[in-house]
Amino acid sequence: MDDAPPVLVHQAITHDSAIRHVTGAAPYIDDLPEPAGTLHLALGLAPVARGRITTLDLEKVRNTPGVVAVFTSKDVPGRNDVSPSLGDEPMLAGDEISFHSQPVFVVAATTRRAARIAARLGAIEVEQEWASVSIADALSTGETVLPDYAFRRGHPEPAIDGAARRLAGEIEIGGQEHFYLEGQIALAVPGEGEAMFVHSSTQHPSEVQHIVARVLGLADHQVTIECRRMGGGFGGKESQASHWAALAAFAARLTGKPCKLRLDRDEDFALTGKRHDFLSRYRVGYDERGLIEGITFEHLARCGYSADLSLGVVDRTMFHSDNAYYLPHVEIGSKRLKTNTVSNTAFRGFGGPQGVLAIEQVIDAIAHERGLDPLDVRKANFYRDGSSVTPYGMEVFDRATLLPLVEALEASSDYRARRIAIAEHNARSPILKRGLALTPVKFGISFTLKHLNQAGALVHVYSDGSVMLNHGGTEMGQGLYTKVAQIVADEFGLPLERVAITATRTDKVPNTGPTAASSGSDLNGMAAREAARTIRLRMAEEAARRLDVAVSAIRFEDGLVHGGDETMTFAELARFCVLERVSLSATGYYRTPGITWDRAEKTGRPFFYFAYGAACSEVVIDTMTGEMKLLAVDILHDCGASLNPALDIGQIEGGFVQGLGWLTTEELVFDNEGRLRTHAPSTYKIPVASDVPAHFHVELWDEPNREDAIYRSKAVGEPPVMLAISAFMAIADAIHALAPGNPVQLRAPATPEAILDAIDRQRAK
Amino acid sequence: MRRSIRFIFRGMPREISAFDPSITLLEWLRLEASATGTKEGCNEGDCGACTVVLAKTDGDRIRYFPVNACILLLGQIDGAELLTIEDLAKDGTLHPVQAAMVRHHGSQCGFCTPGIVMSLFAAFHEAPRPPDREAIGTALAGNLCRCTGYRPIFDAAFDVLSDLPEDRFSESNASRLEALRALEDDRGIVIGNEDRFFASPRHLDELAEMIARHPDATILAGSTDVGLWVTKKLAPLKRVIALGRVAALATVVEGSDSVFLGAGVTLAKALPVLERIDPDLGTLMRRFGSAQVRASGTVGGNIANGSPIGDLAPALIALGATLHLRIGKESRILPLEDFFVAYGKQDRAPGEFVTGITVPRPEAETHFRCFKISKRMDEDISSVMGAFRISIENGAVSGARIAFGGMAATPRRALRTEEALVGAMLANPHDWMGAVQALEADYQPISDMRASARYRARVARALLGKALTEIAGSSRATRIVARTPIGEVRHG
């Protein structure tokens, strides 16, 4: 039994739900028929960012027509904690308010409107305390959610001080709201005895299960979580979907009725964490050619009121503060600052983008100071033979990929000729200035928390030869279900429609990690393939017995099973297997090999491999108003041997545009009282169609993964976000034209106001 | 008097005679009609996930308007054919727009997709052929997609809009037109009782009388603002008087010296009319809200709500527009700038309502410019909106009307700046400085989530400089998106 060459894998197969998407027939949780008697929940929210509750009068809430019940933290049967690990996130605030709009009570009513109206009638009196809101506030209090953490190699301070050239600076990096189009939602349905079934829009069903069980005081086996699809996740439903599922399950338990909680968009903004905003300080020493000799970073990350996933997020910032560059003497430090704001969380890239943006700004500053083309400084500093170990001690074993990739893009984007043309344009154009930048991405693939790098799958073949596929990964639009179905269908030599993709459920595959860290297809693809192979081998043995040939002679192809000169259909073989009492159900399991990171010792290999890419962006800015337009984008990105080029290109384009929003129009504004003022699409601006240029070319770098990842592909979910840094650096390049030779100080996001401020600073130099 | 609303739904006439006056179309679809293909993304008319199409008669043709169902009230769809995502495919055959979206991998998570399909479906029937990228971008400006990066959606749009606009809807045009006409009548609508009603009068006198009798009723134009009172403030709208069926308010008169726009004229209908006054107004209107907002929102509503950041007011104040108001049988006209008294306060008595606006065309030797500054180019509220009408005689400024939005508690003229500018030589930028500095005396802007006070003040000065630079005839590029004379193809 040989592995036939793949038929479906590597093909541009359409997303499994595409037709249902375009016809409105793909149900999301709010579209599911509500069980009879379903109650709707709404939350009573804290009116201040910090303080102690002195009185909580819910009389008016209870007396509102339609209200069935009102619950507070006192009613929680189990533990009042929805945190992923540290026990620092109450489901409902007790006496202490930790951030503005923190949930204090929950209302269950017969309609959602009644619940929402009632929830606003709670009288929450609070002894208000000064709220720490900004990074500056947190530095003044010294409060952190986790201990400081640093990597160090060599002797950075003497290396910087001894270098021919030196620079120091501060980089302001804004946060980002996920703005998944489907807001947070859960529908909990009480079952027999104490059992609880929850439909949750989550990237991490297993964690939702554990937290629901914890809150209800149940064993995990009493709780089942299902997620068929999310209307977008982007990290925002990794740790932070559990809160709403827990509330729904809590209310369902206490009322005995199915309960649904769907946040309104404004609440979703106020109550869920964002990408961490940062202030990063650096000192760098380098030689006349811009080659870095020593560098220190201090990353000050605003984590909000609790730890959530900030340990891993800020660690990943540190892991990516080299991006693609060898840093001989280096210290990368971090502070995980505590503020009285919603707890910041995972967001596509998981801290990596902030680290990459920081080092790319340093590279630009070096290039500007030296009068060099930033691309030349980038290339000079790339990891290379003899200079190939990261600040955290991992050998960049696949370093040979990046330089040819960047040089190919440099050629295909016509970078050098455009640089000349832009200089000429800018010399003639006093008001409008153009800018160009080509930046690389190197992104480490694997969870840096080792135990998350495992996955399970469950495959059944039924007696008619149809296949049911289930695995622990979740579908949020990225096409994971499609990719894994391609893999499984190819194992059996079946057309795709013979494989039914079923909702992710904790009672089918237990103890899974989140669908995150770009790892969905790497992990679940492998696990599902193993499950399918187990069944295929059993089927092949039965076929070999029947056809009287060796097992090795059996082939599965086009829905048929061949052995010697004989052929039977896959369905016939399945039926024979059932008759002969051969099990057609199997689980599969996979754990990523070779990863050995030890955080305490700061040694080992955190990543299975790196994914690479590069982008070249051109912009024009209006120096009178700070307005900006992205004119052209060329991308070359490494997906290894792509499992599905259509889906991968979709991830690259979508990731780029999401990164573009982070770095340009998406601005989170908290006021001094800790209230988020940009809490809806009217005030928080994610990219729209016209923000994307007509010239938006994406090519795949066609080189199989050196590691034995599924079909030698590479993960693609997160790395493309950082391709958008090319657009940010292109803006900086346009500003640089106003006073060449001086590093540009541009904060992210580069809103018109930020651009104009940077222009003023540049002109003042 | 009619005691029900009537519309076409799923190919059949539908009549509803009892409903809460504040129920939104989306609530009706999802909760009453179990039509869950249409999604709620933001509940405020900004993301487009809830986009449905209203087909309406226009002479002997049917026109297709994309609207945000989340903030439109159910009562407003009287007389229309309501088309939702579930209507497009038939007997297992996808609509060409749907097929193109599948072919080009235009969906990922799929949650925005029904809205995008409906916007493209409206464009399929309304957009010019061959398609132009900017027109597609404009058609999609009200639909947020967080997954795809839009490229495949553009490709799907180009692909499908290259075909003739023929589908099963165009094939059944005649019978559908007939069905829509059968809904038309001359009666006003009232659902409910004196305490709690949704009313939609047909005639101006009827409207005036009703508003006079219920001065505390909510006057509902396009519901692009009032809809949010319902969805966000959870306001119980007990008495609603909708303007949408009052024929007299939909009047457009394009005269040689001026244009009259009835208060109920939608922003979509006003767009080409205003663009014929000046191309900058066309650019402004294309960036005003989204196709969905312009299809519902009205000229009168944008002015009557008195917002300090409405984009129409500064432009029309600079042009010297006058506002028509009516109370009972009494009418009056006042300069538009005088309508805005203070933040949240307009010169409008209880029971009084806006009937229309007259916009003078700039005379010879008079130049108009307006600029909208926002964080995002499309579908964003201005941080600063500046409008300039400058008359030139012998190379000197002979008259100036300048108005800004976002710079004060109301849209307001820059009277000191105007005065300081008169007499300035256009060819000599040093001569403009007095006026540029006078802006500081005219406005003390505030800081908010859109921009700081400092930025606003700085940009106001820049916009005046930019307007004068352009009027002075600079050959240099002055804008990211070029000012385009009417009839020329617009490129970014």
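Residues numbered from 1 in each chain as written. Chains lettered and ligands numbered in written order. Predicted model: local features only at pLDDT ≥ 70, side-chain atom pairs only at ≥ 80, totals over all residues. Heavy atoms only, no water.

S.K.: Can you help me understand the interface of chain B and chain A in this one?
M.R.: Often, the extent of an interface is quoted as the loss of accessible area upon association of its parts. At the junction of the two partners, chain B supplies 77 residues and chain A supplies 83 residues. In total, about 6600 Å² of surface goes out of reach between chain B and chain A, with carbon and sulfur atoms giving 57% of it. The salt bridge involving A:Asp757 is made with B:Arg454; its shortest N-O contact spans 3.1 Å. On the surface where chain B and chain A come into contact, there are 40 residue pairs in polar contact (both at pLDDT 80 or more). For the side of chain B that touches chain A, the secondary-structure elements that each account for two or more residues are helix H1 (25–32), helix H2 (96–103), helix H3 (113–126), helix H4 (133–140), helix H5 (151–161), helix H9 (226–231), strand E17 (366–373) and helix H18 (453–471) of chain B. Residue composition of the side of chain B that touches chain A, grouped by class: 35 nonpolar, 18 polar and 24 charged. (Contact = heavy atoms within 4.5 Å. Buried area = accessible area lost by both parts, 1.4 Å probe. Salt bridge = Lys/Arg side-chain N within 4 Å of Asp/Glu carboxyl O. Polar contact = N/O pair within 3.5 Å; in protein donor to acceptor, adjacent residues only side chain to side chain. Helix = DSSP H or I, 4+ residues; strand = E, 2+ residues; numbered from the N terminus. Nonpolar A, V, L, I, M, F, W, Y, C, P; charged D, E, K, R; others polar.)

S.K.: Is there a simple way to think about the domain arrangement of chain A in this case?
M.R.: Residue and element names in this part refer to chain A. The domain boundaries assigned to chain A delineate domain 1 (18–26 + 454–591), domain 2 (34–130 + 178–271) and domain 3 (277–448 + 599–763). Taking the mean C-alpha position of each, domain 1 and domain 3 sit 39 Å from one another. In this complex, domain 1 contributes 20 residues to the contact, which on the side of domain 3 involves 21 residues. For the domain 1 and domain 3 pair, buried surface summed over both sides reaches about 1500 Å², with 58% attributable to carbon and sulfur atoms. A per-residue breakdown of the area domain 1 buries against domain 3 is headed by Lys-483, Ser-518 and Asp-522, which together make up 36% of the total. Scanning the region where domain 1 abuts domain 3 turns up 1 salt bridge. (Domains from an automatic or database assignment.)

S.K.: Is there a simple way to explain the pairing of strand E5 (residues 103–109) of chain A in this structure?
M.R.: In summary, the side chains of a regular strand alternate between the two faces of the sheet. Residue and element names in this part refer to chain A. Of all 7 residues in E5, 7 are buried, a share of seventy percent or more. Taken together, the 6 bridges between strand E1 (residues 39–45) and E5 define a ladder with antiparallel strand orientation. Among the inter-strand pairings, Leu-43 is bridged to a residue of E5, identified as Val-106. Strand direction decides the pairing type here: strand E3 (residues 67–72) and E5, joined by 5 bridges, are antiparallel. By the bridge assignment for E5, Thr-72 is matched with Phe-105. (Buried < 20%, exposed > 50% of the residue type's maximum accessible area, 1.4 Å probe, protein only. Pairing = 2+ DSSP bridges.)

S.K.: What am I meant to see in the sheet that holds strand E9 (residues 239–242) of chain B here?
M.R.: Two strands in a sheet stick together by hydrogen bonds in their backbones, pointing the same way (parallel) or opposite ways (antiparallel). All names here are of chain B. With mixed pairing, the 4 strands of this open sheet are ordered in space as E6-E7-E9-E8. This sheet does not close on itself; its edge strands, each paired only once, are strand E6 (189–192) and strand E8 (218–220). Neighbour to neighbour, the strand axes of the sheet diverge by 15 degrees on average, direction disregarded. Of the strand pairs in this sheet, E8 and E9 are connected by 3 bridges, and their pairing is parallel. (Axes fitted to C-alpha atoms, helices over the stretch in contact; angles between N-to-C directions.)

S.K.: Got a minute to help me understand the domain arrangement of chain B in this structure?
M.R.: Residues and elements named next belong to chain B. Assigned domains of chain B: these are domain 1 (96–166), domain 2 (189–242), domain 3 (247–360) and domain 4 (366–471). Tallying the contact residues gives 12 residues for domain 2 and 16 residues for domain 3. Summed over both sides, the interface between domain 2 and domain 3 buries roughly 1100 Å², with carbon and sulfur atoms accounting for 69% of that surface. Arg-326 serves as the salt-bridge partner of Asp-205, at 2.8 Å between the closest nitrogen and oxygen. Across the contact surface, domain 2 and domain 3 share 3 residue pairs in polar contact (both at pLDDT 80 or more). Class assignment for the residues of the side of domain 2 that touches domain 3 results in 7 nonpolar, 2 polar and 3 charged.

S.K.: Would you mind going over the packing of H3(B) against H5(B) with me for this structure?
M.R.: Helix-helix packing is characterised by the crossing angle of the two axes and by the distance between the axes. Residue and element names in this part refer to chain B. Across the interface, H3 lies against H5 with an axial gap of 10 Å and an inter-helix angle of 30 degrees. Taken together, the axes of H3 and H5 lie roughly parallel to each other. The handedness of the crossing between H3 and H5 comes out as right-handed. On the side of H3, the interface is formed by Ile-116, Leu-120, Ala-123 and Phe-124, while H5 contributes Ile-153, Ala-157, Val-160 and Leu-161. A breakdown of the residues in the contact of H3 with H5 according to their chemical character gives 8 nonpolar, no polar and no charged. (Parallel < 35°, antiparallel > 145°, perpendicular 65-115°, else oblique. Left-handed = near helix turned anticlockwise from the far one by under 90°.)

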